Amino acid sequence: MPRFAANLSLTFNELDFLDRFAAARRQGFAAVEYLFPYAYPKRELALRLKNEGLQQVLFNAPPGDWERGERGIGRSAGTRGRLQEIVGGSP
């Protein structure tokens, strides 16, 4: 039987992003994914996941400056430092 994750960037758009976690759980989802969560504190995202009993199965790496055409700052040695600043950790 297939299992699906709710994409919180594309569904429940009538709600604020952080309220979409509860909406996904109410609709029976056990897992969620989203595109670019970097506008929200990591602890807040983790709290929403924990409170709703959800598993995060995917999120995209930061794209960089979308308006300037960047589509992934982790792919270039010149921008990896920016990636580390945003998501933490080391390569």
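For every chain, the first residue of the written sequence is number 1, and numbering continues from 1 onward in sequence order. Per-residue local features are limited, in this predicted model, to residues with pLDDT of at least 70; the limit for side-chain atom pairs, both in listing and counting, is 80 or more; totals at the level of whole chains, interfaces and linings are taken over all residues. The side-chain quantities take in all heavy atoms of the structure and omit both hydrogens and water.

Draft legend 1. Expanded view of the nonpolar core. Among buried residues, the Ala, Val, Leu, Ile, Met, Phe, Trp, Tyr and Cys ones that are joined through side-chain atoms within 4.5 Å form a nonpolar core. Only protein chains enter the accessibility calculation, which uses a 1.4 Å probe; a residue is then buried when its area is under 20% of its type maximum, exposed when over 50%, and partly exposed in between. In terms of nonpolar packing, the biggest core is built from 13 residues, with L8, F17, F21, V32 and Y34 touching the most fellow members. Helix and strand definitions here come from DSSP, where helices need a minimum of 4 consecutive H or I residues and strands a minimum of 2 consecutive E residues; each element is numbered from the N-terminal end. Elements with a minimum of two residues in this core: α1 (20–26), β2 (31–34) and α2 (42–52). For this core, the leading source of residues is α1, giving three residues. Contact definition: two residues touch when any of their heavy atoms are within 4.5 Å. If we ignore the near neighbours within four places in the chain, the residues touching L8 are F17, R20, F21, A24, V32, E33 and Y34.

Draft legend 2. Region of the structure containing the sheet that holds strand β1 (residues 6–7). Across the sheet, which stays open at both edges, the three strands sit in the order β1-β2-β3 with parallel pairing between neighbours. Two strands in the sheet have a free side with no partner beyond their single neighbour: β1 and β3 (55–59). Any two strands are treated as partners once DSSP identifies two or more bridges connecting them.

Draft legend 3. Representation of the pairing of β2 within the structure. With two bridges connecting them, β1 and β2 associate as parallel partners. When the sheet's bridge partners are listed, N7 is paired in β2 with E33. Assessed by its sense of winding, the connection that carries the chain from β1 through α1 to β2 is right-handed. By the bridge criterion, four bridges tie β2 to β3 in an arrangement that is parallel. Bridge pairing in β3 links V32 to Q56. By convention a crossover is right-handed if, when the strands point away from the viewer, the path from the first strand over the helix to the second runs clockwise. With α2 bridging β2 and its parallel neighbour β3, the resulting β-α-β unit is right-handed.

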